[in-house]
Every structure is written in structure tokens, then in C-alpha cells.
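What follows is the residue order along each chain.
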Amino acid sequence: MFTVQNEIDFSTNHEILIIGVFEKPVKFEEQLENLDQLFDGYLTQLVKSGDISAKRKAISTVHTFGKIGAQRLLFVGLGKEKDFDFEILREALGKAFNAAENGRITEAAVFLDSLISTHVDPLDAAHAVSEAFALATYHFEGYKQQSNDGSKKIEKITVLSEQADGDEIHSSLTVGYSFGIGTNSARTLVNLPSNMLTATDIADYAKELGQEYDFEVEILEKEDMLKLGMGALLAVNQGSIEPPKMIVLKYQGKEEWKDVLGLVGKGITFDTGGYSIKSKDGIVGMKTDMGGAAAVLGAMQIIGELKPEQNVVAVIPSTDNMVSGGAFKPDDVITSLSGKTIEVLNTDAEGRLVLADAVTYAKHHGASYLVDVATLTGGVITALGNDTTGVFTNHEVLLEQVLEAAYEAGEPIWRLPIFEKDKERVRGSKIADLNNSPGREGHAIMGAAFIGEFAEETPWVHLDIAGTATINHDHELGPAGATGVMVRTLALLVERFEPIE
Ligand code: BES
Ligand code: ZN
Ligand code: ZN
């Protein structure tokens, strides 16, 4: 897919050559001088006249009329150099690759040295190129008899750079591409309708990942759950004809099984709300209620590719949340794997129930740190909107590491609190240890506080992705639909993780 050319030779044939241009064309004059000379200085003039726009994410195409090997130059605006960063570059490149694919291009070259500045070195830029390429050109095939996706795909990218070692650039390209592909795998899982992706299908997918990357795989069946006493996951599954699965993947990157990061992902394949049933509008889209599971599996794919020196246990509780004569009901009291009893006040607050058992089970598998990801509450959308993931914690130092990973991944997250009063509300049942829905006030916090009761003393971070797992419009780095949010944050967290004393 990627080739690096360390000596720049503009006579090489390419369908398109992608070049970055800053609003003040300082870089242009320094680095593209040779190219500009081949065009008798016209490129500089086109930038000055604005025919080649340097405005952030602007795309301008110039035909080369055989003056160089490439048939066309695709200029992508990078805005003002002082504001330029990795994030802007990723989005600009996403637009460039989109434009290239729409132009029915199957091969492209990228002039990497035009994409760097004080804040973005050549290796960062290489990562941005391959990640943006994978993300921006993602499509979900869908089920139309007549596919309208007749567009050609880019199959080969040559990266031109004299500024860094070719092998190092190549390995950055490989890493960036893994991040993109892992995100895309999560997107596909989330985009699949629930009749095409049951808990059994997710378990089968996890087994395949395990085979490919040599993870240890454990799938708990309903009988195993009954024996262990996973009453919370079983209660949510009660109304379903589909068997539940508790899916465990283990990756051992250290000699000893210690300092284990537990990644837990909500895997509700469809959420009707159960007897606390959703409205006819609110129920549409609930195939995406396994976005947390998808994020964890996407991250595991990247971990499998990059093999960091860390220990990771991924735990995914999966079922759909249905109604039937056997379904669990409001007022039911259930006993979780931890032994804590729960009064069910709302069967639509099912995510926290399945996560309760998953968090406990991750601890049984030796997790010393926990990060859970879940499309947990509509409340987080009210609080933070659709661009920002909500984050909650019982441990400041672990949170710090998650915030850094999210920042580096370009995935905005923002903290919401869990105070003692909040904990009191989830503990406020007259007949059980906890209740799963203390009322709508601050219910993103209630969901988090509930899960925290099962993390107990283990350092834990909860990511509520109800607002960010999907997007309702096409964007620079992908189409409308699933975003694959938190895949890259989780993978970076694992890669960079420092055990906490
Ligand atoms: N799966 C939903 C949360 C959700 C809402 C995800 C919108 C994606 C988009 C979750 O299980 C749920 O129903 N939460 C309830 C909790 C309430 C009953 C306390 C909610 O948010 O209304
Ligand atoms: Zn629900
Ligand atoms: Zn749900």
C-alpha cells in the first residue's frame, strides 16, 4: 500500500501528487522551489492569486500538462502555519484523499515535506497521512442490490520525503494505517444492523481476532453465567431468544500477568429499552448500542498489530435488550456477579447492569486498572453534545493518562463529576444494595456512579460515548454513521500506559 521515496524525483509518473500549502507561502518558496521552477514560477503565482487556496482544508487541483511525471497536483490548504497542528493536518489530508477518490484516482503520491512544521515532524505527518487515508476513504458496503459505489479506490500511495529516514517514515505509515483500520473495523461493527450482528456474531468476531493475533479467548455461555452468578447480564438477556455472551480477550505483552489494563465495552446489540420501552423515534438507531464493544475490539486489533509491552484484558458483555413474557421487569431485584443486589427501576438502564458484571469479571481476570466504554446515557448528549465524549473516574492519575491519550488521538473528551451525593443516590434502594435508575436528574452521572460501585477500589475510568459513537453527517475523516470513537484513544492509552504506584 505505502512506498517511501527518499530522493525526490518529480519525473516519476503518478496520477496525482498531493502537496500541502500554508497561508503564508514561506514553506512553499523554501521546499517547493524546484517544483515551482519546473512550472516557470507559475505555482507561486497561483498561490498568490488565490487560485491555489491555502485556506485550511481547501482543495485546488492543477493539471501539469506533462511538465512533470504526475498528471495533476492536488494542493491542500493547511491554513496559517502558527495555528497548524496534527489535527488540522489529519482533517486536511482526509479532504485531500476524499477529493482524490472522487476523481477516480487509484494511485497517489504525497509530498510529505510540504506537510511539516514546528509542531508536526515528518514522522507525525506520515502517521497522519496513512491514518487519514484509511479513515477518510472508509465506506460501509450496505445491502443495496445495485451498489452505487462505482468509484475507484486508491490502492497505492507513494510518500516523498527527504527530511527523515525512509524506514522510520515507513513504520510511522504502518502505525497510522493500523490506527485507521482498527477504527474502521469498529465502524463496521457499529453500522451492522442487529439482525446481522448478534452477541454470537460478536463472540465469533472476537474469536477470529484472537486467532489472528494470538490472543487468549474465553467466551462464557449462558450456563457458565448461571454457574458464576452473573445475574445482571442474565437479567438483561431474559427477554431475548439470542444467547448472551461474556467475551474475554487477553493480550500478554509482559513476562508476568501484572499491571493489567482491563478494557470493558458495552455490547448491547439492540436496545429496545425492555418494558421501560423506548419511543418509536427513540428506538431507531439502537443497533449502535454496542459501540463500546466495537471500540474495545478495534483497539485490540491495533494492539494485536503493534504488540506493545503491556498486559490487556478486554471484556465485552453482549446481549440484546428485548421484551417478551420472560423479560426482566421494573421492580425486579437481581443479584450481580459481585454479590451486590440491584433493584431494577428502569429496564432501559441496562448498560450499567451488563457492565457491572463485566467490570467484576475483568477484576476476576486480574485487571488492576479499568477503562469502560459505553453508549450509556442520553444524558451525556444533553450535557456535552455529539462531538465530546463524557469521562468519569475514581482515580485522578489514571484519568490523566486517558485525557492525554484522547488529546493525542484527536478525540475530545470532557470530565463530569461523581460526588458522594451522587453515590448516595444509586445506593438509595429500600430493598436492595443499589438501584439502577435514581431518576433523570444528572443521569449520565448516575450511570457512571452505578458502574463505579463495581469498580470499587480499582482505578477506573468510564467513557460515555452515547453522543459520539455515531455522527449524522459526512465529515473530513469519514461518512455519516459510526465513528469508531475511542478506538484510537484506547490503543494509545495502552501503548503509552505507565503503571501507577
Ligand atoms: N442505549 C441507551 C443510551 C443511548 C441513548 C445511546 C441515545 C445512544 C443514543 C441506554 O441504554 C439508555 O437507554 N439510557 C437511558 C438511561 C435512563 C433510563 C436512566 C437514557 O439515556 O435515557
Ligand atoms: Zn437502554
Ligand atoms: Zn443501551
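All of these numbers come straight from a predicted model, not from anything done at the bench.

A. Expanded view of the overall build of the chain. Check the secondary structure of the chain and you find 16 helices and 20 strands. Summarising its shape, the C-alpha atoms of the chain cover approximately 85 × 55 × 40 Å along the three principal directions. In the chain, the proportion of contacts linking residues at least 24 apart, taken out of those at least 6 apart, comes to 79%. Taken together, the 43 basic and 75 acidic charged side chains of the chain have centroids lying 6 Å from each other.

B. Structural detail: the coordination of the zinc ion (ligand 3). Summarising the metal site, the zinc ion (ligand 3) is bound by the protein donors K266 (NZ), D271 (OD), D289 (OD) and E350 (OE), whose distances to it range over 2.0 to 2.4 Å. Its six donor atoms give the zinc ion (ligand 3) angles of 78 to 170 degrees at the centre, a pattern that matches the octahedral case. Written as a sequence motif, the donor arrangement for the zinc ion (ligand 3) is K-x4-D-x17-D-x60-E. A separation of 3.2 Å is found between the zinc ion (ligand 3) and the zinc ion (ligand 2), which share D271 as a coordinating residue. One end of the pair, D271, is in strand 10 (residues 267-271); the other, E350, is in the loop between strand 13 (341-343) and helix 11 (351-364), with 79 residues separating them in the sequence. A relative accessible area of 3% places D271 in the buried class. Note on E350: relative accessible area 1%, which makes it buried.

C. Geometry of the pairing of strand 9 (residues 260-265). With six of its six residues buried, strand 9 lies for the most part within the structure. When strand 9 meets strand 14 (residues 367-374), the two strands line up parallel, connected through six bridges. What sits directly across from V264, in strand 14, is D372.

D. Summary view of the coordination of the zinc ion (ligand 2). Around the zinc ion (ligand 2), the donor atoms from the protein are D271 (OD), D348 (O), D348 (OD) and E350 (OE), and they sit 2.0 to 2.2 Å away. Its six donor atoms give the zinc ion (ligand 2) angles of 73 to 170 degrees at the centre, a pattern that matches the irregular case.

E. Representation of the site of ligand 1 in the model. Around ligand 1 there are 18 residues in total, and D271, K278, D348, E350 and G378 lie nearest to it. D271 places a polar side-chain atom, nitrogen or oxygen, 2.9 Å from an oxygen atom of ligand 1. In the model, an oxygen atom of ligand 1 is placed 2.5 Å from a nitrogen or oxygen of the G378 main chain. For ligand 1, whose accessible area on its own is 520 Å², the fraction buried by protein is 88%.

F. Main features of the sheet that holds strand 17 (residues 434-435). What the three strands build is an open sheet, ordered 12-13-17; its pairing is mixed. Both edges of this open sheet fall to strand 12 (333-335) and strand 17, since each of them pairs with a single strand only. Relative to strand 13, strand 12 is paired through three bridges, and the arrangement is antiparallel. If you follow V333 over to strand 13, its bridge partner there is E343.

G. Fine view of the nonpolar core. Residues M300, V371, L463 and L490 are the most contacted members of the largest nonpolar core, which totals 57 residues. Per element, the largest residue contribution to this core is nine residues, and it comes from helix 10 (residues 291-306). Non-local contacts of V371, meaning those with residues more than four positions away in its chain, are made with L261, G262, L263, V264, V402, V461, L463, L490 and L493. Counting 48 residues, the second largest nonpolar core, distinct from the first, contains A358, L370, F392 and A448.

H. Just the sheet that holds strand 4 (residues 70-77), in detail. Overall, mixed pairing links the six strands, which are arranged 1-6-5-2-4-3 in an open sheet. Each end of this open sheet is capped by a strand with a single partner; those strands are strand 1 (2-5) and strand 3 (59-63). Each strand axis lies, on average, 25 degrees off the axis of its neighbour in the sheet, ignoring direction.

I. Region of interest: the pairing of strand 5 (residues 107-111). Among the five residues of strand 5, five are classified as buried, and the element is accordingly described as predominantly covered. The alternating pattern of strand 5 places E107, A109 and F111 on one face and A108 and V110 on the opposite face, and all of these are buried. Judged from the two bridges that link them, strand 2 (residues 14-21) and strand 5 form a sheet pairing that is parallel. Following the sheet pairing, I18 is matched in strand 5 by V110. The pairing of strand 5 with strand 6 (residues 156-160) spans five bridges and is parallel. Within strand 6, the position partnered with E107 by the bridge is K156.

J. Structural context of the pattern of salt bridges. Scanning the model with the defined rule gives 23 salt bridges in all. For K207, the salt bridge identified is with D204, shortest N-O distance 3.6 Å. Of this pair, K207 and D204 both sit in helix 7 (residues 199-213), three residues apart, which is roughly one turn of that helix. Owing to a relative accessible area of 39%, K207 belongs among the partly exposed residues under this scheme. With its nearest N and O atoms 3.4 Å apart, the salt bridge here joins E411 to R488. In this pair, E411 sits in the loop between helix 13 (396-409) and strand 16 (413-415) while R488 sits in helix 16 (residues 487-496), placing the two residues 77 residues apart along the sequence.

K. Quick peek at the side chain of T483. Inspection of the secondary structure assignment puts T483 in the loop between strand 20 (481-482) and helix 16. A polar atom in the side chain of T483 sits 3.1 Å from the backbone nitrogen of V485. Beyond its immediate stretch of four places on either side in the chain, T483 contacts T183, R187, T468, A469, T470 and I471.

L. Geometry of the packing of aromatic side chains. Scanning the model with the defined rule gives 11 aromatic pairs in all. On the numbers, 5.8 Å between centres and 85 degrees between planes, the contact of F10 with F111 is edge-to-face. In this pair, F10 sits in the loop between strand 1 and strand 2 while F111 sits in strand 5, placing the two residues 101 residues apart along the sequence. For F111, a relative accessible area of 3% translates into the label buried. Ring plane angle 15 degrees and centroid distance 6.4 Å describe the contact between F133 and Y177, whose orientation is recorded as stacked. Of this pair, F133 sits in helix 5 (residues 122-136) while Y177 sits in helix 6 (residues 166-191); the two residues are 44 residues apart in sequence, bridging distant segments of the chain. Judged by relative accessible area, which is 3%, F133 ranks as buried. Aromatic ring contacts, followed pair by pair, group F2, F97, F133 and Y177 into a single cluster.

So, how was this worked out
Residues numbered from 1 in each chain as written. Chains lettered and ligands numbered in written order. Predicted model: local features only at pLDDT ≥ 70, side-chain atom pairs only at ≥ 80, totals over all residues. Heavy atoms only, no water. Helix = DSSP H or I, 4+ residues; strand = E, 2+ residues; numbered from the N terminus. Contact = heavy atoms within 4.5 Å. Lys, Arg positive; Asp, Glu negative; His and termini not counted. Charge placed at Lys NZ, Arg CZ, Asp CG, Glu CD. Donors = N, O, S within 2.8 Å, 3.2 Å for Na, K, Ca; no water. Tetrahedral: all angles 85-135°; square planar, octahedral: opposite > 155°, others 65-115°. Buried < 20%, exposed > 50% of the residue type's maximum accessible area, 1.4 Å probe, protein only. Pairing = 2+ DSSP bridges. Near = heavy atom within 4 Å. Polar contact = N/O pair within 3.5 Å; in protein donor to acceptor, adjacent residues only side chain to side chain. Areas by Shrake-Rupley, 256 points an atom, 1.4 Å probe, with all protein chains shown as cover. Core = buried A, V, L, I, M, F, W, Y, C linked by side-chain atoms within 4.5 Å. Axes fitted to C-alpha atoms, helices over the stretch in contact; angles between N-to-C directions. Salt bridge = Lys/Arg side-chain N within 4 Å of Asp/Glu carboxyl O. Phe/Tyr/Trp six-rings, centres within 6.5 Å; stacked < 30°, edge-to-face > 60°.

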